[in-house]
Amino acid sequence: MTTIYVPCDTTALSLGADQVARQIQQRADQQGVEIQLVRNGSRGLFWLEPLVEVDTGQGRVAYGPVVPEQVTELLESGLLAGQPGHPLYLGPIEQHPYLQRQQRLTFARIGITDPLSLADYQAHDGFAGLEKAARLTPQQIVDEVKASGLRGRGGAAFPAGIKWQTVLDEPAGQQKYVVCNADEGDSGTFADRLVMECDPYMLIEGMAIAGLAVGATQGYIYVRSEYQLSQRMLDEAILRAEAAGYLGDDVCGSGQTFHLEVRLGAGAYICGEETSLLESLEGKRGLVRSKPPLPAIEGLFGQPTVVNNVLSLAAVPYILDKGGNAYAEYGMGRSLGTLAIQLAGNIKQGGLIEMAFGVTLREILEDFGGGSFTGRPMRAVQVGGPLMAYMPASQWDTPMDYEAFAALGAGIGHGGVVVFDDTVDMGEQARFAMEFCTVESCGKCTPCRIGSVRGVEVIDRIRAGDNRDDNLVLLAELCETMVDGSLCAMGGMTPFPVQSVMKHFPEDLMARPAPVEA
Amino acid sequence: MHMSEQNNPQPEASLAAGDWTPDMIRAEVNALKHKPGALLPILHAIQDRVGYIPEGAVPIVAELMQQTRAEVHGVISFYHYFRTRPVGSHVLQVCRAEACQARGGRELERHIQTRLGVAYQGTTSDNEFTLEPVYCLGNCACGPSISVNNEVHGRMTPQKFDRLTDTLTTTVLELK
Ligand SMILES: Cc1cc2nc3c(=O)[nH]c(=O)nc-3n(C[C@H](O)[C@H](O)[C@H](O)COP(=O)(O)O)c2cc1C
Ligand code: SF4
Ligand code: FES
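Bear in mind the structure is a predicted one, so any value in this text is a computation, not a measurement.

Trainee: How should the site of ligand 2 be read in this particular structure?
Mentor: Taken together, 13 residues surround ligand 2, and among them A:Cys442, A:Lys444, A:Cys445, A:Cys448 and A:Cys488 come closest. Of the residues contributing to the shell around ligand 2, the split by class is 8 nonpolar, 4 polar and 1 charged.

Here it is as structure tokens:
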């Protein structure tokens, strides 16, 4: 029987995938053709979504992007038989250059499987890592993660193995927690979402391994409120994993307990900061805590807690299954393994690109991205989220490596790459960086709370041509005050995009002809 | 698998201000208060049920949670997602973040405000739409994006937006 795949992730859905799926089923019924319709995850080739795949027994061929209005003509031109001919026909999807060039270790399954099918997951190496971990001592598990060189993918790039060791070394017999940071607030990022929507068992497996490693019996996944589909997928996946013995009172026959619960955030960017997140999980305002104490020692409800990003935890099943050394063979310098690059904004071929560290930004923008969406020259790229620098073309040959980016005053953050074409007004982008901080500051310290408000005002004056030179000096000083005087990176890094505009795009801070809108 | 069907329950249109009872709030609190750090799940449950968190719910939550009203207020006001006023039939969120800006998000934002005649946090006079800003919907390769009752719509244009609002309001009229 012919199998038809229509993805069910947020991006595919946002472009009409449900309608496409319904229409294909209806038309097939009308024609009396028996098909099996599978709602798979997305492969992350987002410019091709909704990407419809057809398997007639000779491998999967694809068509995309399929808008609902085109379903009829596609069926008439032989979609159900996987026939070429239609302009949307893409051929065997696994040979697509966008996928062929990637090194998908973590995202090996996305788009291939039905996200909630345990059988699919198991058939593609699923739970192999957890089964191994169940037979190891906690120290052996932590050693494997250390050997992989895995650094936290949430932004700070702290070595995951060392964090786990700290929690493991806290006296046993007390309550410990594993908390997954699924707040994914950075514009330009969607890899956490892809994991949760398209391969949720991978995250569950990674967290269960973390639980065994540090002796934690309870885990929480803190999902941002914008990701309610992720929440529903995870809730269902947790139930099924529990029923199958991968979670609960005896994880994989290890005799260890690990329970998992999803909690929803409530629209606060700062709750991605780990201590703010813990406050929020405790049912409080998300005010940032001062460190020390580290969450590894006094975390959730004052107990030792591993806090890791979705992608950090999602890398762990591979590491346990294939070995830390196998993972560490990828990458460069101290940035080992693969990075989930999320290509977004004004780009022709946006999507998920998992590559070993070391690929240059230009390769991502040009070879994968194919240039801007509008066809105009690209002008600025913001890598690493709203708190990171805007990079001009002269910096695009930099390899994606934590240290190489840091040397430029830039950062990789969570791996988001947001592209702007030459119509961008960088003065407006600088203003937005400050404005975002006024909206999202937790309010605990003055340089961040008040400084950002002043930042917006000063940039408005500069753009209005009001005492430009004096106000530029003022802006530079204000940025320094925020960098030096803020408790966390929200206030401490908001100046980075602003400073990068002052340095690399100063011409955009000249007076603007029209007044700026609020 | 039906998880993908975007048919989230949304606050029923008939639930306007006053359409809640203290017992309703108590039931939500009592169902969840055993959980560690239960306040956010409770506030979510109330908002899911009523459409917003009524002022009058605060003392009830505070009493059952053995917290002060000020504490509960403080939590509600900290989070952008929690609303303290009733909303229109459809909650429309417009992504204001960078990746959408790079694809015409600012123009779209202006178009939407003009077309609906409301600013952020406002509700149209016919009570159809409440407009809210949002900072990233995780759909950043296919922007600009908006969400309607928690369903994301990508590659939005002013024309597509007008068609979408027409469809939404027409459907509602037919149902009446
Ligand atoms: C303002 C701010 C926002 C953050 N947002 C996130 C986020 O959305 N997701 C995330 O994983 N980490 C975020 N972080 C980083 C976390 O504080 C923390 O470093 C991370 O969760 C640790 O996990 P990792 O070591 O696996 O990266 C943020 C940090 C700051 C200062
Ligand atoms: S820098 Fe800003 S967000 Fe961070 S603790 Fe201070 S006020 Fe809160
Ligand atoms: S920036 Fe708009 S969806 Fe991410």
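Moving on from the coordinates now.
Trainee: Could you clarify how one ought to interpret the site of ligand 1 in this entry?
Mentor: Residues and elements named next belong to chain A. Taken together, 19 residues surround ligand 1, and among them Gly154, Asn181, Asn308, Asn309 and Ser312 come closest. Take Asn308: an N or O atom from its side chain is 2.8 Å from an oxygen atom of ligand 1. Contact with the protein chains hides 91% of the accessible area of ligand 1, taken as 610 Å² for the molecule alone. Considering only residue class, the shell around ligand 1 consists of 5 nonpolar, 8 polar and 6 charged.

Trainee: Looking at this structure, I do not really get the pairing of strand β12 (residues 338-345) of chain A. What am I missing?
Mentor: Regular strands place their side chains on alternate faces of the sheet. All names here are of chain A. Buried residues dominate β12, accounting for 8 of its 8 residues. Of the pairings in the sheet, the one linking β12 to strand β13 (residues 351-356) comprises 6 bridges and is antiparallel in character. Along β13, the bridge assignment pairs Ile341 with Ile353. Hairpin connection, β12 to β13: the antiparallel pair is bridged by 5 residues. Sheet analysis places β12 next to strand β16 (residues 416-421), joined by 4 bridges and oriented parallel.

Trainee: Looking at this model, I keep getting lost on the interface of chain A and chain B. Mind explaining?
Mentor: The figure often quoted for interface size is the accessible area lost as the parts come together. On the side of chain B, 44 residues touch chain A, which itself brings 74 residues to the contact. Summing the contributions of chain A and of chain B, the shared interface buries around 4,700 Å²; its carbon and sulfur component is 54%. Of all residues in chain A, A:Ala266, A:Arg285 and A:Phe432 give up the largest surface area on contact with chain B, accounting jointly for 12% of the area buried on that side. Measuring nitrogen to oxygen at the nearest pair gives 3.0 Å for the salt bridge that ties A:Glu435 to B:Arg96. Across the chain A-chain B interface, the total number found is 34 residue pairs in polar contact (both at pLDDT 80 or more). Considering each element in turn, the side of chain A that touches chain B owes the most residues, 7 residues, to helix α17 (residues 426-440) of chain A.

Trainee: Help me understand the nonpolar core, please; the structure alone is not making it clear to me.
Mentor: The nonpolar side chains of soluble globular proteins are, as a tendency, buried together. Among the nonpolar cores identified, the biggest contains 184 residues, and A:Ile24, A:Trp164, A:Leu203, A:Ile221 and B:Tyr79 are the most heavily contacted of them. Looking at which element gives the most residues to this core, the answer is helix α10 (residues 200-214) of chain A, with 11 residues. When neighbours within four sequence positions are excluded, A:Leu203 is seen to be in contact with A:Cys180, A:Val195, A:Met196, A:Ile221, A:Leu234, A:Val310 and A:Leu313. One finds A:Leu51, A:Ala389, A:Met391 and A:Phe405 within the second-largest nonpolar core, a separate group that totals 34 residues.

Trainee: Quick question: what am I supposed to make of the environment of B:Leu40 here?
Mentor: Tracing the backbone through its elements, the reader meets B:Leu40 in helix α2 (residues 39-50). It is 9.7 Å that separates the C-alpha atoms of B:Leu40 and B:Phe82, two residues lying 42 residues apart in sequence. Dropping the residues within four chain positions of it, B:Leu40 is found in contact with A:Tyr222, A:Leu264, A:Ala266, A:Ser280, A:Gly283, A:Lys284, B:Val75, B:Tyr79 and B:Phe82.

Trainee: Could you clarify how one ought to interpret the packing of helix α9 (residues 191-198) of chain A against helix α13 (residues 310-322) of chain A in this entry?
Mentor: Geometry of a packed helix pair, given as the angle between the helix axes and the separation of the axes. All names here are of chain A. Packing of α9 against α13 brings their axes to within 9 Å, and their N-to-C directions diverge by 50 degrees. By the angle class used here, α9 and α13 are oblique. Handedness of the α9/α13 crossing: left-handed. Only Val310, Leu311 and Ala314 of α13 make contact with α9, whose side of the interface consists of Ala191, Asp192 and Val195. In the contact of α9 with α13, the residues fall into 5 nonpolar, no polar and 1 charged.

Trainee: Help me understand the packing of aromatic side chains in this model?
Mentor: Two aromatic rings are characterised by how far apart their centres lie and by the angle between their planes. Inspection of the entire model under this criterion finds 20 aromatic pairs over all chains. Seen from their ring centres, B:Tyr81 and B:Phe82 are 6.2 Å apart, and the 70 degrees between their planes marks the pair as edge-to-face. There is no split in this pair, since B:Tyr81 and B:Phe82 are both buried. Connected via pairs of aromatic rings, a cluster forms that spans A:Tyr121, A:Phe127, A:Tyr201 and A:Tyr246. Stacked on the ring of A:Phe368, the Lys or Arg A:Arg101 has its end atom at 5.1 Å from the ring centre. Residue placement shows A:Arg224 over the ring face of A:Tyr227; its charged tip is 4.9 Å from the ring centre.

Trainee: Explanation requested: helix α11 (residues 228-243) of chain A in the structure shown.
Mentor: Note on helix geometry: an α-helix contains 3.6 residues per turn, so any two residues three or four positions apart are oriented the same way. Residues and elements named next belong to chain A. With 16 residues, α11 extends 23 Å from end C-alpha to end C-alpha; this agrees with the ideal 22 Å at 1.5 Å per step. Taken together, the buried positions of α11 are Gln228, Leu229, Ser230, Gln231, Met233, Leu234, Ala237, Ile238 and Ala241. Packing partners of the buried residues in α11 comprise α1 (10-14), α9, α10, β7 (218-223) and β8 (259-264).

Trainee: I keep staring at the sheet that holds strand β4 (residues 60-63) of chain A and nothing clicks. Help me out?
Mentor: As a general point, the strands of a sheet are linked pairwise by backbone hydrogen bonds and lie either parallel or antiparallel. Residues and elements named next belong to chain A. Read across the sheet, 5 strands follow the order β2-β1-β3-β4-β5 without closing on themselves; strand pairing throughout is mixed. Unpaired on one side and paired on the other, β2 (35-38) and β5 (89-92) mark the two borders of the sheet. Adjacent strand axes in the sheet meet at a mean angle of 20 degrees when their direction is disregarded. In terms of strand pairing, strand β1 (residues 2-5) meets strand β3 (residues 52-55) through 3 bridges, oriented antiparallel. Counted as the bridge partner of Ile4 is Val54 from β3.

Analysis parameters
- Residues numbered from 1 in each chain as written.
- Chains lettered and ligands numbered in written order.
- Predicted model: local features only at pLDDT ≥ 70, side-chain atom pairs only at ≥ 80, totals over all residues.
- Heavy atoms only, no water.
- Near = heavy atom within 4 Å.
- Nonpolar A, V, L, I, M, F, W, Y, C, P; charged D, E, K, R; others polar.
- Polar contact = N/O pair within 3.5 Å; in protein donor to acceptor, adjacent residues only side chain to side chain.
- Areas by Shrake-Rupley, 256 points an atom, 1.4 Å probe, with all protein chains shown as cover.
- Buried < 20%, exposed > 50% of the residue type's maximum accessible area, 1.4 Å probe, protein only.
- Helix = DSSP H or I, 4+ residues; strand = E, 2+ residues; numbered from the N terminus.
- Pairing = 2+ DSSP bridges.
- Contact = heavy atoms within 4.5 Å.
- Buried area = accessible area lost by both parts, 1.4 Å probe.
- Salt bridge = Lys/Arg side-chain N within 4 Å of Asp/Glu carboxyl O.
- Core = buried A, V, L, I, M, F, W, Y, C linked by side-chain atoms within 4.5 Å.
- Axes fitted to C-alpha atoms, helices over the stretch in contact; angles between N-to-C directions.
- Parallel < 35°, antiparallel > 145°, perpendicular 65-115°, else oblique.
- Left-handed = near helix turned anticlockwise from the far one by under 90°.
- Phe/Tyr/Trp six-rings, centres within 6.5 Å; stacked < 30°, edge-to-face > 60°.
- Lys NZ or Arg CZ within 6 Å of the ring centre and 35° of its normal.
- Expected span 1.5 Å × (residues − 1).

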